Amino acid sequence: LASELAEDKRELMGALMFSCNGRGPSSMGAGLGKMLDARVCERNFPKLPLVGLWAGGEIGPEAIADLEGGVLRSGDTAMKTALQGFTAVFGVFVVPDRAAARRALATWGD
């Protein structure tokens, strides 16, 4: 994601995190500081505001397990959405391109 944003000269405004309660406070050491999923986000996006919650199932892009490379996001914009467990799902807010928004609004309804 960081490389895609840099390539497009875009930046993030903030993020939401939904982490499975099975990955929760007791299993990830949240009582000892920041939980693992939040630390991974912070390592990749150090100044990004992040808010999240524990969930009993997460809805997001279908995760595809890859034993050699970890968990991958599936493909392109045609991703399937799935209810999953023991995952962390992040939603990010990208700073809007105001010029593109104005162009889209100008042609809206045509």
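Residues numbered from 1 in each chain as written. Predicted model: local features only at pLDDT ≥ 70, side-chain atom pairs only at ≥ 80, totals over all residues. Heavy atoms only, no water.

**Q** Help me understand the environment of Leu-5 in this model?
**A** Relative to the helices and strands, Leu-5 resides in helix α1 (residues 2–8). Taking the C-alpha atoms as reference points, Leu-5 and Val-94, 89 residues apart in sequence, are found 8.9 Å from one another. Dropping the residues within four chain positions of it, Leu-5 is found in contact with Arg-10, Leu-12, Phe-45 and Val-94. (Helix = DSSP H or I, 4+ residues; strand = E, 2+ residues; numbered from the N terminus. Contact = heavy atoms within 4.5 Å.)

**Q** What am I meant to see in the nonpolar core here?
**A** As a rule of thumb, nonpolar side chains are buried together in soluble globular proteins. Formed by Leu-5, Leu-12, Ala-15, Cys-41, Phe-45 and Leu-48, the largest nonpolar core amounts to six residues. Excluding anything up to four places from it in sequence, Phe-45 contacts Leu-1, Ala-2, Leu-5 and Leu-12. (Core = buried A, V, L, I, M, F, W, Y, C linked by side-chain atoms within 4.5 Å. Buried < 20%, exposed > 50% of the residue type's maximum accessible area, 1.4 Å probe, protein only.)

**Q** Before we go on, may I ask you to explain the pairing of strand β6 (residues 81–84) in this structure?
**A** Successive side chains on a regular strand alternate, one facing one side of the sheet and the next facing the other. Side chains of β6 alternate between two faces, with Ala-82 and Gln-84 buried and Thr-81 and Leu-83 left unburied. Where strand β3 (residues 58–61) lies against β6, four bridges are found, and the strand directions are antiparallel. The partner of Gly-60 across the bridge, within β6, is Ala-82. (Pairing = 2+ DSSP bridges.)

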